[in-house]
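This is what each chain is made of:
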Amino acid sequence: MIRDPTHQGRLVVAQQMPGMVAVARSDTRQVFKVFSEGYEPHQYREWLLGAVSNILGDTLVVTSAGVLRHGGQAWVEVSVPETLHDGCTGFSYRPNLLAATSLDGSLATTYGRTVTATVCDNTMAIALGQARGQQVKIRHSWYSGLRIEQARQALSLVEETADEFTETLRHLSSTTVRDRLWFAFLDAWHPMPEEAGRARTIATRVREELVEMYRHDVRASTWQGTAFGVVQAVNTWAHHKQPVKGASRAERNQEGTISGRFDKLDASVVSTLEKVLTS
């Protein structure tokens, strides 16, 4: 049996597979994946649109929504309606709640907090890895239920994100990183292979692009000489310079956002830099 997890909720009979269930689109009948029968598809209308509409307040608006992987993943993002600006650092940003799920088994249904840097439209981890924002993850199983209260709790913290993010932003912006430490960070973050060859050529290119961004690109150079400048340089490079395959850059960036890849990136940059600064 093929379960249709799309908007209409129809069932499309295809082929009986004892103990298995194939999840497919209703319009094209494209099978995303075959799962054991304990797998429970989380339909986008219910788990994303329905959940978000049920917990939206007067101070939040839907800012983006869409599908990836030919419908295998989907997200809805809600945000505060106005961009926030920190006068001490000159950084503008927007706190968000990101709701995402999948039909191809690649994601658990997740409600979590993010920050969008408006200077470059990058996604940054809440508090840049210094303090983890609340995140609710629900597995695709028969025993999963739409825990709306937990999702509502995550949403209620979106406006608190501003205070948490600003605190970390100011801490990193006040942490001095001299040129010697910047290059020490590069050595730790993207080491240069000793032997000539393709790996050394790639490493040289990446390091040159990071240096250019850190020193001359306004999206990072504004905070050059600080820990936040380092974080912003790597994050912006990953969004706008890192090679992508198999999809557009915009699609890969959105997939990185909903999968948590950029959260892990920011946390790793901060952790690496801290080791360099204390060595």
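Use the structure listed above.
Residues numbered from 1 in each chain as written. Predicted model: local features only at pLDDT ≥ 70, side-chain atom pairs only at ≥ 80, totals over all residues. Heavy atoms only, no water.

## Re the overall build of the protein
- A tally of helices and strands in the protein yields 9 helices and 11 strands.
- Sorting the 279 residues of the protein into buried and exposed places 48% on the buried side.
- Considering only contacts within the protein whose residues lie at least 6 apart along the sequence, 57% involve residues at least 24 apart.
- When the accessible area of the protein is evaluated, it comes to approximately 13,900 Å², of which 49% is carbon and sulfur surface. (Helix = DSSP H or I, 4+ residues; strand = E, 2+ residues; numbered from the N terminus. Buried < 20%, exposed > 50% of the residue type's maximum accessible area, 1.4 Å probe, protein only. Contact = heavy atoms within 4.5 Å. Areas by Shrake-Rupley, 256 points an atom, 1.4 Å probe, with all protein chains shown as cover.)

## Remarks on the pattern of salt bridges
- Going through the model one piece at a time under the given rule, you end up with 10 salt bridges.
- Between Arg69 and Asp104 there is a salt bridge, with its nearest N and O atoms 3.6 Å apart. With Arg69 in the loop between strand E5 (61–68) and strand E6 (73–79) and Asp104 in the loop between strand E8 (91–102) and strand E9 (109–117), this pair connects stretches of sequence that are 35 residues apart.
- Residue classification places Arg69 among the partly exposed positions, given a relative accessible area of 35%.
- Using a relative accessible area of 13% as the deciding quantity, one classes Asp104 as buried.
- Arg215 is the salt-bridge partner of Asp179, the closest N and O atoms lying 3.7 Å from each other. (Salt bridge = Lys/Arg side-chain N within 4 Å of Asp/Glu carboxyl O.)

## Focus: helix H3 (residues 161–173)
- Taking 1.5 Å as the rise per residue, H3 with 13 residues should run 18 Å; its terminal C-alpha atoms sit 18 Å apart, in good agreement.
- Turning to H3, its buried residues are Thr161, Ala162, Phe165, Thr166, Thr168, Leu169, Leu172 and Ser173. (Expected span 1.5 Å × (residues − 1).)

## Comments concerning the packing of helix H4 (residues 179–189) against helix H9 (residues 261–278)
- Contact pair H4 / H9: the axes reach a minimum separation of 9 Å and the direction vectors enclose 125°. Here H9 runs oblique to H4, going by the angle between their axes. Between H4 and H9 lies a crossing whose hand is right-handed. In contact with Leu181, Ala184, Phe185, Ala188 and Trp189 of H4, H9 contributes Leu265, Ser268, Val269, Thr272, Leu273, Val276 and Leu277.
- Along the lines of polarity and charge, the residues of the contact of H4 with H9 split into 10 nonpolar, 2 polar and no charged. (Axes fitted to C-alpha atoms, helices over the stretch in contact; angles between N-to-C directions. Parallel < 35°, antiparallel > 145°, perpendicular 65-115°, else oblique. Left-handed = near helix turned anticlockwise from the far one by under 90°. Nonpolar A, V, L, I, M, F, W, Y, C, P; charged D, E, K, R; others polar.)

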